[in-house]
Amino acid sequence: MKQNNQSYLQYLLSVIGPGILYAAAAVGLSHLVQATRAGAYFGLGLAMVVLVACLVKYPLMRFGGEYAAVTGKSLIHSYRQQGRWALYLYSIAQLVSMVFIIAAVSLFTLGLIKASFSIEIDNVLGCSILLVFTVLLLYSGGYRILERFTKFIVLAFTLLLIATVAVVLPEISWSFGAFALPTIDGATFMFIIALIGFMPSPADGSVLQSLWTCARAKEAGKLPSVQDARTDFNVGFFT
């Protein structure tokens, strides 16, 4: 039994990669901004909304990696096959959304660094340094360094999250009333729509999963099986 457990652990370590990148990429506006605002404003009132959003999006998010495992191509290639209009539409959507997402996540990250290390630096300069560092990191090591770096980050924030939850659990009211939906007015409705859109990540997470699966296959010299791609994504998604 121990040997079987060790074998399965070795199997997990051999297949995980793109799914872990997804776990890290999902922790952006959704978890750091939207989820904390939801908790601050409504307590546990939107917890079920978040859970349902994650479950509904699961097949969509999983599809990208499995598509790449079967075809050896990313969803971007699939869009191009549908016609230039599909590729252009996706590109416009990415241009509009990613500008704000990258800016918000960079500013939030800089805020954490400034608060943690008591550093005073201009926001524009600080965010520029972070983005330049990220670009240089990716340019120098490509997918391989991205995966290794991200595995360390995901392990660290998972352990820290478990510790944080253990600390706050005694302070939480677990009554049924705590999970009741808040009164839905116009502002709350728009906030819920945004929360659903970002939890656990926007729909383009499936595209990223397909790109990362192709990049890892290029590094390894072979495509993963559909089962390997599914296992990898499940580890990342549920983490």
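Our structure is the block above this text.
Here's a quick rundown of the structure. (Residues numbered from 1 in each chain as written. Predicted model: local features only at pLDDT ≥ 70, side-chain atom pairs only at ≥ 80, totals over all residues. Heavy atoms only, no water.)

Let's shift gears to the side chain of Gln209. With respect to the helices and strands, Gln209 occurs in helix α9 (residues 205-220). Residue Gln209 is classed as buried on the basis of its relative accessible area of 1%. When residues no more than four places from it in sequence are discounted, the contact partners of Gln209 are Pro18, Gly19, Tyr22, Met61, Gly64, Gly65, Asp232 and Phe233. (Helix = DSSP H or I, 4+ residues; strand = E, 2+ residues; numbered from the N terminus. Buried < 20%, exposed > 50% of the residue type's maximum accessible area, 1.4 Å probe, protein only. Contact = heavy atoms within 4.5 Å.)

This part covers the packing of helix α3 (residues 29-42) against helix α6 (residues 84-117). One way to put it is that α3 packs onto α6 with a least axis distance of 10 Å and a crossing angle of 75°. Comparing their axes, α6 and α3 come out roughly perpendicular. In this structure, α3 uses Leu29, Leu32 and Val33 to contact α6, whose residues at the interface are Ile101, Ala104, Val105 and Phe108. Among the residues forming the contact of α3 with α6, the class breakdown is seven nonpolar, no polar and no charged. (Axes fitted to C-alpha atoms, helices over the stretch in contact; angles between N-to-C directions. Parallel < 35°, antiparallel > 145°, perpendicular 65-115°, else oblique. Nonpolar A, V, L, I, M, F, W, Y, C, P; charged D, E, K, R; others polar.)

What follows deals with the pattern of salt bridges. Tallied over the entire structure, the rule returns five salt bridges. Notably, a salt bridge pairs Arg230 with Glu66, separated by 2.9 Å at the nearest N-O pair. Here the residue Arg230 occupies a position in helix α10 (residues 226-238), and Glu66 occupies one in helix α4 (residues 47-71), the gap between them amounting to 164 residues. Residue class for Glu66 comes out buried when judged on its relative accessible area of 13%. Lys151 is the salt-bridge partner of Glu147, the closest N and O atoms lying 3.0 Å from each other. One end of the pair is Glu147 and the other is Lys151, both in helix α7 (residues 123-168) and four residues apart, which spans about a single turn. Members of the salt-bridge network, linked through shared partners, are Arg62, Glu66 and Arg230. (Salt bridge = Lys/Arg side-chain N within 4 Å of Asp/Glu carboxyl O.)

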